[in-house]
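# Chains, contacts and geometry: an overview
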Amino acid sequence: MRSEIKRRIVHVSGTGMPALYLLDLVTWQQLQGLLVLGSASALVLEIVRLFVGLNWRIFDELTREYEQENLAGYALYAFGMTATALAFKPRVAVPAILMLTIADPISGVLGSGELGVKAAHTLLVTFAVCVTIASLLGLPLLAAVLGALVATLADGVKPVVAGYVIDDNLTIPIGAGVAMFVGVRYLPTVA
């Protein structure tokens, strides 16, 4: 349980990236550059960890059993945030990233860290947090709900394909971003 709490604290710390933009400390392009740099660093660390044999204690502490021989969640987290920031404008990208950095750790504390489908109460809290994030950042309600539904689904179900876990660190921001983009672009605005 202690490692799980540490993972959640690291997860929430990622909120600092979009916060830099929201607080006007960096431009959107600068934030994108920081995220690309973070992803490149994660990729290098993962290549060294998986193929050379980097055995830092922090990897043992912060990675799960199924991540030992595959890309670790922190790398997928960086890649998911970066892909989202590069694919979407801030209006959609920021809430999608915050769904990963805020709603996912809350869900992780409420639910188990195991594979499978999470409990209904955990999914409802995740959904509510995601809708709140998107709504507070000015997205129309239907777009916020659509993004929250996709983020909740990505968080709640972790399928295994060919022995590889499809990690929500990648699917939450990208999936929510796509859903909110569609919602903003094609759905009517509800007051």
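Our subject in this report is the structure included herewith. (Residues numbered from 1 in each chain as written. Predicted model: local features only at pLDDT ≥ 70, side-chain atom pairs only at ≥ 80, totals over all residues. Heavy atoms only, no water.)

## As for the overall build of the protein
In terms of regular secondary structure, the protein is built from 9 helices and 2 strands. When the elements of the protein are put in sequence order from the N terminus, they spell out α-α-α-α-α-α-α-α-β-β-α. Within the protein, buried positions represent 43% of all 191 residues. For the protein, the share of sequence-separated contacts (at least 6 apart) that also reach a separation of at least 24 residues comes to 72%. Approximately 9,800 Å² of the protein is accessible, and the part contributed by carbon and sulfur atoms is 70%. (Helix = DSSP H or I, 4+ residues; strand = E, 2+ residues; numbered from the N terminus. Buried < 20%, exposed > 50% of the residue type's maximum accessible area, 1.4 Å probe, protein only. Contact = heavy atoms within 4.5 Å. Areas by Shrake-Rupley, 256 points an atom, 1.4 Å probe, with all protein chains shown as cover.)

## Quick look at the packing of aromatic side chains
For any pair of aromatic rings, the description consists of the separation of the ring centres together with the inter-plane angle of the planes. In this structure the tally under the stated criterion is 2 aromatic pairs. With 5.0 Å between their ring centres and 75 degrees between their planes, Y21 and W28 make a pair best called edge-to-face. Taking the relative accessible area as the measure of exposure, Y21 reaches 24% and is therefore partly exposed. Centroid distance F88 to F181: 6.1 Å. Interplanar angle 40 degrees. Geometry classified as tilted. With F88 in the loop between α5 (73–87) and α6 (90–110) and F181 in helix α9 (residues 168–186), the pair connects residues that are 93 residues apart, well separated along the chain. By relative accessible area, F88 is classed as buried at 12%. Classification of F181 by relative accessible area gives partly exposed; the value is 34%. (Phe/Tyr/Trp six-rings, centres within 6.5 Å; stacked < 30°, edge-to-face > 60°.)

## Examining the pattern of salt bridges
For the coordinates displayed, the defined rule picks out 2 salt bridges. Between E46 and R49 there is a salt bridge, and its shortest N-O distance comes to 2.7 Å. One end of the pair is E46 and the other is R49, both in helix α3 (residues 28–52) and 3 residues apart, which spans about a single turn. For the salt bridge of D155 with K118, the shortest nitrogen-to-oxygen distance reads 3.2 Å. Here D155 is found in helix α8 (residues 141–156), whereas its partner K118 is found in the loop between α6 and α7 (120–136), with 37 residues between them in sequence. Just as D155 is buried, K118 falls in that class too. (Salt bridge = Lys/Arg side-chain N within 4 Å of Asp/Glu carboxyl O.)

## Concerning the environment of M81
Note on placement: M81 falls in helix α5. The sequence separation of M81 and S39 amounts to 42 residues, and the corresponding C-alpha distance is 8.8 Å. Setting aside residues up to four positions removed in sequence, M81 forms contacts with G14, M17, L35, I97, L100, T101 and P173.

## A closer look at unusual backbone geometry
In most cases, non-glycine residues show a negative phi, while peptide bonds are predominantly trans. In this model, D24 sits at a positive phi of 60 degrees, which is unusual for a non-glycine residue. Relative to the helices and strands, D24 is located in the loop between α2 (16–22) and α3. A relative accessible area of 69% means that D24 is categorised as exposed.

## Some details on the nonpolar core
In terms of nonpolar packing, the biggest core is built from 31 residues, with M99 and M180 touching the most fellow members. Among the secondary structure elements, those contributing two or more residues to this core are α3, α5, α6, α7, α8 and α9. Excluding residues within four positions of it along the chain, M180 makes contact with V92, P95, A96, M99, A134, L139, A143 and G147. (Core = buried A, V, L, I, M, F, W, Y, C linked by side-chain atoms within 4.5 Å.)

## A look at the packing of α5 against α6
Between α5 and α6, whose axes approach to 9 Å, the crossing angle comes to 165 degrees. Compared by their axis directions, α5 and α6 come out roughly antiparallel. Handedness of the crossing formed by α5 with α6: right-handed. From α5, Y77, M81, T84 and A85 reach across to α6, where they touch A93, A96, I97, L100 and T101. For the contact of α5 with α6, the residue count by class is 7 nonpolar, 2 polar and no charged. (Axes fitted to C-alpha atoms, helices over the stretch in contact; angles between N-to-C directions. Parallel < 35°, antiparallel > 145°, perpendicular 65-115°, else oblique. Left-handed = near helix turned anticlockwise from the far one by under 90°. Nonpolar A, V, L, I, M, F, W, Y, C, P; charged D, E, K, R; others polar.)

## Notes on the environment of F181
For the pair F181 and V92, spaced 89 residues apart in the sequence, the C-alpha separation amounts to 6.3 Å. Contact partners of F181, with chain neighbours within four places excluded, come to F88 and V92.

So yeah, pure geometry; function would need other evidence.
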